[in-house]
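Given next are the chains, with one letter for each unit.
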Amino acid sequence: MRKELDLPRIDDSKLDEAEALIASIAAREPGTAAAELEALSALTGKLHSEVEFLEYWSWTDLDTLARLTLAPEPPCVPDLSREELVELVEIIQHCSVTGREWAMRYYTALLRRSLSLPNVMDFVASGEDVEVIAEKLLQAAR
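Here the structure is a predicted model, which is why all the values come from computation and not from measurement.

Draft legend 1. Main features of the overall build of the protein. Counting secondary structure elements, the protein contains 7 helices and 0 strands. Secondary structure elements of the protein occur, N-terminal to C-terminal, as α-α-α-α-α-α-α. Expressed along its principal axes, the backbone C-alpha trace of the protein runs to roughly 45 × 30 × 30 Å. Burial statistics for the protein: of 142 residues in total, 42% are counted as buried.

So, in structure tokens, the structure goes:
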């Protein structure tokens, strides 16, 4: 798999600080977390808004959200090969089973961005063979 498709390394030394800032942002009244958002942006090198963190517990856990926040944005790779799609689908499925949610979400976002498909997980979770899923993703992206 080409380097740009590798899962980025997360600086674990920043994880506790990111989690604390996210928890603080989520606990504050809307419009009152400017200082925390600024600190989080300084930590991650990305701009953030309160909306990203409101009621995060309804869709993920704090560790996963902190890791996603610290990770760089997934690249757009418009020329993904069929073989790369097979490998990415396998990775996403494996992450889903093993509980590596942040990696699953990162790779799902990479596929959504690269294929311009909003419903990537519908394909990945279809229960079909990964070769069939990859082919269907390619067809849908055309």
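Draft legend 2. Spatial organisation of the nonpolar core. In terms of nonpolar packing, the biggest core is built from 43 residues, with Leu40, Leu80, Leu85, Leu111 and Leu137 touching the most fellow members. Considering each element in turn, this core owes the most residues, 8 residues, to helix α5 (residues 101–115). Setting aside anything within four residues of it in sequence, one finds Leu80 in contact with Arg2, Leu5, Leu85, Leu88, Leu111, Ser114, Leu115 and Leu138.

Draft legend 3. Fine view of the pattern of salt bridges. According to the stated counting rule, one finds 12 salt bridges in the structure shown. When the shortest N-O distance is used, the salt bridge between Arg105 and Glu101 registers 2.6 Å. With Arg105 and Glu101 both in helix α5, this residue pair falls 4 residues apart, about one helical turn. Residue Arg105 is classed as partly exposed on the basis of its relative accessible area, which comes to 26%. When salt bridges that share partners are traced, they join Arg2, Glu4, Asp79 and Glu84 into one network.

Draft legend 4. Quick look at the side chain of Glu19. By the secondary structure assignment, Glu19 is in helix α1 (residues 15–27). For the buried Glu19, which has no salt bridge, the nearest side chain bearing the opposite charge is Arg67, at an N-O separation of 6.3 Å. Beyond its immediate chain neighbours, meaning those up to four positions away, Glu19 contacts Leu62, Asp63 and Ala66.

Draft legend 5. Local environment of the packing of α1 against helix α3 (residues 62–70). For the pair α1 and α3, the least separation of the axes is 9 Å and the interaxial angle reads 110°. Of the possible angle classes, the one that applies to α1 and α3 is roughly perpendicular. Across the interface between the two elements, Leu15, Ala18, Glu19, Ile22 and Ala23 of α1 pack against Leu62, Asp63, Leu65, Ala66, Arg67, Thr69 and Leu70 of α3. Considered class by class, the residues forming the contact of α1 with α3 number 8 nonpolar, 1 polar and 3 charged.

Draft legend 6. Geometry of the layout of surface pockets. Counted as a void, the largest pocket has a volume near 470 Å³. Considering the residues around the largest pocket, the lining is formed by 21 residues, among which Leu68, Glu73, Pro74, Arg105 and Ala109 are closest to the centre. Put simply, the parts of the chain that give the lining of the largest pocket at least two residues each are α3 and α5. Here the lining of the largest pocket gets 7 residues from one element, more than from any other, and that element is α5. Looking at side-chain class alone, the lining of the largest pocket contains 12 nonpolar, 3 polar and 6 charged residues.

Scoring rules and cut-offs
Residue indices begin from 1 for each chain and proceed along its sequence in written order. With the structure being a predicted model, the display of local features is reserved for residues of pLDDT at least 70 and the display and counting of side-chain atom pairs for 80 or more, all residues being used for whole-chain, interface and lining totals. Side-chain numbers here rest on the full set of heavy atoms in the structure, without hydrogens or water. Secondary structure elements follow DSSP: runs of H or I no shorter than four residues count as helices, runs of E no shorter than two count as strands, and numbering proceeds from the N terminus. Only protein chains enter the calculation, and the probe is 1.4 Å; a residue is then buried if its accessible area is under 20% of its type maximum, exposed if over 50%, and partly exposed in between. Nonpolar cores were defined as sets of buried Ala, Val, Leu, Ile, Met, Phe, Trp, Tyr and Cys residues, with membership established by side-chain atoms within 4.5 Å. In what follows, residue pairs with any heavy atoms lying within 4.5 Å of each other are defined as contacts. Salt bridge, as applied in this entry: a Lys or Arg side-chain nitrogen positioned within 4 Å of an Asp or Glu carboxyl oxygen. Note on charges: Lys and Arg go in the positive column, Asp and Glu in the negative column, and His and the chain ends are not counted at all. Angular values range over 0 to 180 degrees, each being the angle between N-to-C directions of two axes fitted as lines to C-alpha atoms, with helices fitted over their stretch in contact. Angular relationships are summarised with four words: roughly parallel below 35 degrees, roughly antiparallel beyond 145, roughly perpendicular across 65 to 115, and oblique for the angles in between. Amino acids are sorted into nonpolar (Ala, Val, Leu, Ile, Met, Phe, Trp, Tyr, Cys and Pro), charged (Asp, Glu, Lys and Arg) and polar (every other residue, Gly among them). Using a grid of 1 Å spacing that covers the protein atoms alone, one calls a set of points a cavity when a 1.4 Å probe fits there but cannot get out, and a pocket when the set is open and has protein on both sides within 12 Å along at least five of seven lines; lining residues are those with an atom within 4 Å of a point. Grid points are joined across faces, edges and corners, and a volume is the space filled by probe spheres set on the points.

So far we have only geometry, and geometry alone does not tell us how the molecule works.
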